[in-house]
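Observations on chain architecture
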Amino acid sequence: MINLRNKKQIRALVLVSIALFFGILIFFYSAWSYKGNSLTLFDFKALDILYKLAVRQGVGPKASFSPSVVYLNITDETYNFFDKNYLDRKDMATINNALSQMDTEAVIYDIIFARRSTEPSDSAFSQSLETLGNVYLPTAIVLSDKANKFRWKNDAAHERLRSDYLETPHCWGKKDKSQPFYGVKALTQHSNFAIKAKGSGDISAMADADGIYRHITMMVKIDDKYFPTLALSVFLDWVGISLDEITVECGEKIIIPASKANPESAGNFLGKDVVIPIDRHGRTFIPFVNVMGKDFIYISANKFLSHFEDENLRGNLLELFEGNFVFIGDIAIGTSDLGYTPLQNDAPLVITHSSLLNALLTNTFYSEWQLGKTFLLILLLLVILASASIVRSSWSLYGIFSVAIVSILFFTWFEFLSFRLFPVFTVVSILLLIFLAFITTLETSGSKERAFIRNTFARYVPEKVVNTLLAQPEMVTLGGEERVITVLFSDIANFTTISESLSPTELVHLLNEYFTEMVDIIMQNGGIIDKFQGDSIMAEFGVPLPLEDHADRAVTAALQMLNRLSELRGIWKKRNQDISEQNGQIEEQNKNFPAKPNKYDIYCRIGINTNNMIVGNMGSKNVLDYTVIGDAVNLASRLEGANKNYGTYLMISEFTYKQLTQCRFKTRILDYIRVKGKTEPVLVYEVYGEARQDVEPLSEAGQDIKSVESLVAKDTEQNRDKTQAQYNAQNYNYEDYYIAYNQGFESYLAQDFTRARVLFAHALKLRPEDKASIGILERIDKIDQSPHPDRNWDGAASLMSK
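As a starting point, this report considers the structure included with it. Values in this document were obtained by computation on a predicted structure and should not be read as measured data.

**Focus: the overall build of the chain**
Within the chain, the secondary structure is distributed over 26 helices and 28 strands. Expressed as a percentage of its 802 residues, the buried residues of the chain come to 49%. Sequence-distant contacts in the chain: of pairs separated by 6 or more residues, those separated by 24 or more amount to 77%. With the model as given, the accessible surface of the chain reaches about 41,100 Å², and the carbon-plus-sulfur share is 53%.

**Some thoughts on the pairing of strand β11 (residues 253–256)**
Relative to β11, strand β10 (residues 247–249) is paired through three bridges, and the arrangement is antiparallel. Bridge pairing in β11 links Val248 to Ile254. If you look at the hairpin formed by β10 and β11, you'll find three residues sitting between the two strands, and Gly251 has a positive phi there, around 70°. Bridge analysis of β11 against strand β12 (residues 274–277) gives four bridges, and the strand direction is antiparallel. Across the sheet, the residue bridging to Ile256 is Val274, located in β12.

**Some points on the packing of aromatic side chains**
Within this structure, the stated rule accounts for 41 aromatic pairs. For the pair Tyr109 and Phe113, a centre-to-centre distance of 5.7 Å together with 75° between the ring planes defines the contact as edge-to-face. Residue Tyr109 is classed as buried on the basis of its relative accessible area, which comes to 0%. Classification of Phe113 as buried rests on a relative accessible area of 3%. Judged by centre distance (4.7 Å) and plane angle (45°), the rings of Tyr366 and Phe419 are tilted. Highlighted residues: Tyr366 in the loop between α11 (350–362) and β18 (367–368) and Phe419 in the loop between α13 (394–417) and β19 (420–421), separated in sequence by 53 residues. Using a relative accessible area of 1% as the deciding quantity, one classes Tyr366 as buried. Taken together, the ring pairs in this structure connect Phe44, Tyr51, Phe285, Tyr366, Phe416 and Phe419 into an aromatic cluster. The positively charged end of Arg314 is found above the aromatic ring belonging to Phe308, 4.0 Å away from the centroid. Its end group placed over the ring of Trp369, Lys373 keeps NZ or CZ at 4.3 Å from the ring centre.

**Concerning empty space enclosed by the protein**
Taken as a whole and assessed by the stated rule, the structure comprises six cavities of 30 Å³ or more. Approximately 90 Å³ is the volume found for the largest cavity. Lining the largest cavity are 13 residues; nearest its centre among them are Thr139, Ala157, Tyr165, Ala194 and Ser200. When residues of the lining of the largest cavity are assigned to their parent elements, the largest contribution, four residues, is made by helix α6 (residues 156–165).

**Structural notes on the environment of Val184**
Take Val184: it is sitting in strand β6 (residues 182–187). Measuring from C-alpha to C-alpha, the distance between Val184 and Trp152 comes to 9.1 Å, with 32 residues separating the pair along the chain. When near neighbours in sequence (up to four residues on either side) are disregarded, Val184 contacts Ile141, Val142, Leu143, Ser144, Asn148, Lys149, Phe150 and Arg151.

**Examining the sheet that holds strand β2 (residues 106–109)**
Pairing in this open sheet of five strands is parallel, and the strands run β3-β2-β15-β1-β14 from one edge to the other. Each edge of the open sheet carries a strand with a single partner, namely β3 (135–136) and β14 (297–300). Bridge analysis of β2 against β3 gives two bridges, and the strand direction is parallel. Each residue of the ladder has a partner; that of Val107, found in β3, is Val135. Against the sheet, helix α4 (residues 89–99) contacts β1 (69–74), β2 and β15 (325–330), and its axis sits at roughly 155° relative to β1.

**Looking at the nonpolar core**
Formed by 93 residues in total, the largest nonpolar core has its most connected members in Phe235, Ile256 and Phe438. For this core, the element with the highest residue contribution is helix α14 (residues 424–445), accounting for 10 residues. Apart from the residues lying within four places of it in its own chain, the contact partners of Ile256 are Leu232, Phe235, Leu236, Ile241, Ile246, Asp273, Val274, Ile276 and Leu360. The next biggest cluster of nonpolar side chains, apart from the first, holds 67 residues, and it includes Met518, Ile606, Phe665 and Ala772.

The rules behind each value
- Residues numbered from 1 in each chain as written.
- Predicted model: local features only at pLDDT ≥ 70, side-chain atom pairs only at ≥ 80, totals over all residues.
- Heavy atoms only, no water.
- Helix = DSSP H or I, 4+ residues; strand = E, 2+ residues; numbered from the N terminus.
- Buried < 20%, exposed > 50% of the residue type's maximum accessible area, 1.4 Å probe, protein only.
- Contact = heavy atoms within 4.5 Å.
- Areas by Shrake-Rupley, 256 points an atom, 1.4 Å probe, with all protein chains shown as cover.
- Pairing = 2+ DSSP bridges.
- Phe/Tyr/Trp six-rings, centres within 6.5 Å; stacked < 30°, edge-to-face > 60°.
- Lys NZ or Arg CZ within 6 Å of the ring centre and 35° of its normal.
- 1 Å grid on protein atoms, 1.4 Å probe; cavity = no way out; pocket = protein on both sides within 12 Å on 5 of 7 lines; lining within 4 Å.
- Points joined across faces, edges and corners; volume = space filled by probe spheres on them.
- Axes fitted to C-alpha atoms, helices over the stretch in contact; angles between N-to-C directions.
- Core = buried A, V, L, I, M, F, W, Y, C linked by side-chain atoms within 4.5 Å.

Okay, here's the thing in C-alpha cells:
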C-alpha cells in the first residue's frame, strides 16, 4: 500500500497545482500573443549544443550531391594574387569569363556592386555578366517590422526590382498569424549590372536577440507584393516555378508544389512538394551543414584562375563546377560580413544563403514544436509530478523528476535527429519550476525540524559548509573529493617592516579593515575564505558548490582587490595626515630631499592556480575543517611569493590562464619557472587589467618582431641625446612594453638570444628597473658567457625561495 502525506500537506499541494496550472496557461497565452511559437532564445541556445554534437557525429543536415553547392571565395590570397588592396571589377570579369566555360548551373554573388568604378573595369564586368548569362546579383533590403511605404528610386535597378522580381504568392490561413517584415528601401546593384543579371534576391540578414544567425527571412513584403530571399529566388528559377505559384500558410509553412515545376527547367526532377516551415515573420531555421570549409566544396578565386590557366588542370575544374551552384563571396579579413552561427563564430554570412539553397535542394528543414503540443506535454508532466508529490516518501518525487529530465533530454535529441526543434529549455524550466514549487511546499512544512538541524550544526561547523551538508549529509565524513577549482593566495608585501612601524592597536585595526574589504570582494565573486595566516588570505573558487567560471571569478576578484587596496592607500594616507596635523607632527620637508616613506603604503601580492585538488572535510572525527589540499594549492602559494622576483602583483599559472574566458582579461606571459619543491616548470602570466569591449588596444598584439626591432633602432637614433626621464615622459606606453616583452620571451624560448636581447632592452627602456626584463637579460648574459651550453636547456628559471 502506498503511504500518502497528511491531509494538510495534500491540500497545500492541490492548491499549488491549481496555481501552477493557471500560471502555465497565462505563460503560453502570452507566448502565443507575442510570437506565436513555443521556442525561446534560451531554447535555441540549448539546441545549439545539440546542433554541434549532431554535426560532429555526422547526423546533421546533408550536403546536396547533384547538383552541389560550391564556394568560389575572394580571400586574402586572392588580393595578393591580383596585387591589389581593392576588388577590381576587371579581375571579377576575368573570373566570370572563366566560369562561362565551366557550364555552371548558376553563379550567385554575395557582393553588391552599388557604385561606379573605372569605366574600363565596369565595362569589362558588365560584358562578363552578359557572357556568363546565369549570374544572380543580390539586393539588400532594409527591413522593418512595421508597415512602411517603400522608397523607390528612379533608376533601372529599382525598375527591374519592381517589374521582374516582385510577385504575390497564394496565401491562406489566419492573417493575424502573419507579421511579415516590410521593405523600407533597397541597396541595389549599379543599374548597368542589374539589367545584365539573370535574377536577384534579398541578402539582408537579421540575427536573433543574442547575435546568432539562426533564421533567414524567406520573403520580404514590398508595398503589396513580396521579394524572395536570394537562395529561394535561385531555386524557384531552377525548378521553373514563379513566386506567385507557391503557397504560403500564414505563420506555418511555405509550399513549393512539385506539380507546378516546369518540365523543361533544369530542376524538373522535383518529385514532391518542398515544404519550408516558417514563423509568423516568414523566417525559417537555417539548416547549416557544417562550418564553412567543411560544408560544401571550397576553392579560392586565385586558385581557380591558376588552375584554369593550366590546361592540364582545367578538366578538374570542369568536374568541380559543371552543373553546380557557385557562390562568390568576399571573405578576406576586414572586408566580409561576419556573424555567429550555431556552429561557428565569425562565419562569413554567405553561408546563410548557401545553406538555405542546399536545404531547398535536399528538401531538408527543421520544424518547430507548436505551442499547443508543448502546452499539453507540460500539463501531463504537472499531473505526474503532482501525483508523485503526495506520496510520503520524497524519493518518489525526486525519482520521477530525474527520470522526466533525462527522458526530455533524450527526447530532445531524438526530435532533433528527426529535424524537429523541441523547446527543451522551456519545458525543463517549467518542469523545474513545478518541481521546486512542490519541494518548497513540502519543505516549508518541515521548516522547524530543518532549522533545528541548521542551528545545531552551525555551533561548530561554518555556515558555508552547513548549507552543503543540508543538501548532502553524506559529506560529514573524513576525506573529500577531487575537483578542478581555483585557489587564491594573497599576502601583504613587506608586512614585517610595516608592522614594526605601527603600534599593536594600529596594526590590528589596519588588518581588520584590510581583511574586511578583501573578504567582501572575494565573497561577492563567489569565493570562500579558507583561512587567514597572519597577513595572508587563502580563498577558493568553485567550492563547495561548483562554478563553471571559477577561474574568471578568481582573477576578477584579484583585480578588484588590487584596485580597492589602491583606494584604501589614499584613505589611510589622508587619515594619517589628518591625525598628524591634529598632533602637530607635520614638519616642513626639505625640497632637496624626498619625503619619508609612508607607513600606509601597503601593497599585496596575489598568486592564483587552477587544477585538480582534494576538497572536503578534513581533520579528526570531532573537529572537521572544510579546506583544500594538493600540489596545486602549493603552486598557488609559490606564485604569490614569486611576484617579488618580477615586480608584479598578480601572477597566474598556465592552468588558470587556459580556463579564463578568451579576451576577458589583459594578460601577458611572464616567465617559465620551476618553483621550490617542483621538478616540472610551469608557464606563468601576469594579469594587468580587465579588457573592455569599448576600448581598443593601443598596439596590435600581432605586431611583427622585425617592426619592433626597427622601433628600437629608431628610438636609439632619435633619443640619443635625451635623458632617460625625457624619454620616459614622451614615449612610455604600457601596451608597447607588453608587446616587446612578449615577443622577446618568445625569442628567448626559441633560443634566439640576439633578438631576445634587443626586445628585452627595448622593454626595459619603456619600463626602467623592470625586474622581469632585467632577470631574463641576466640569464641571457650567463648563457652567452658559458663556454659549454646546456643541451637540456628549457628556458625555465628555478625559484628556490617560497
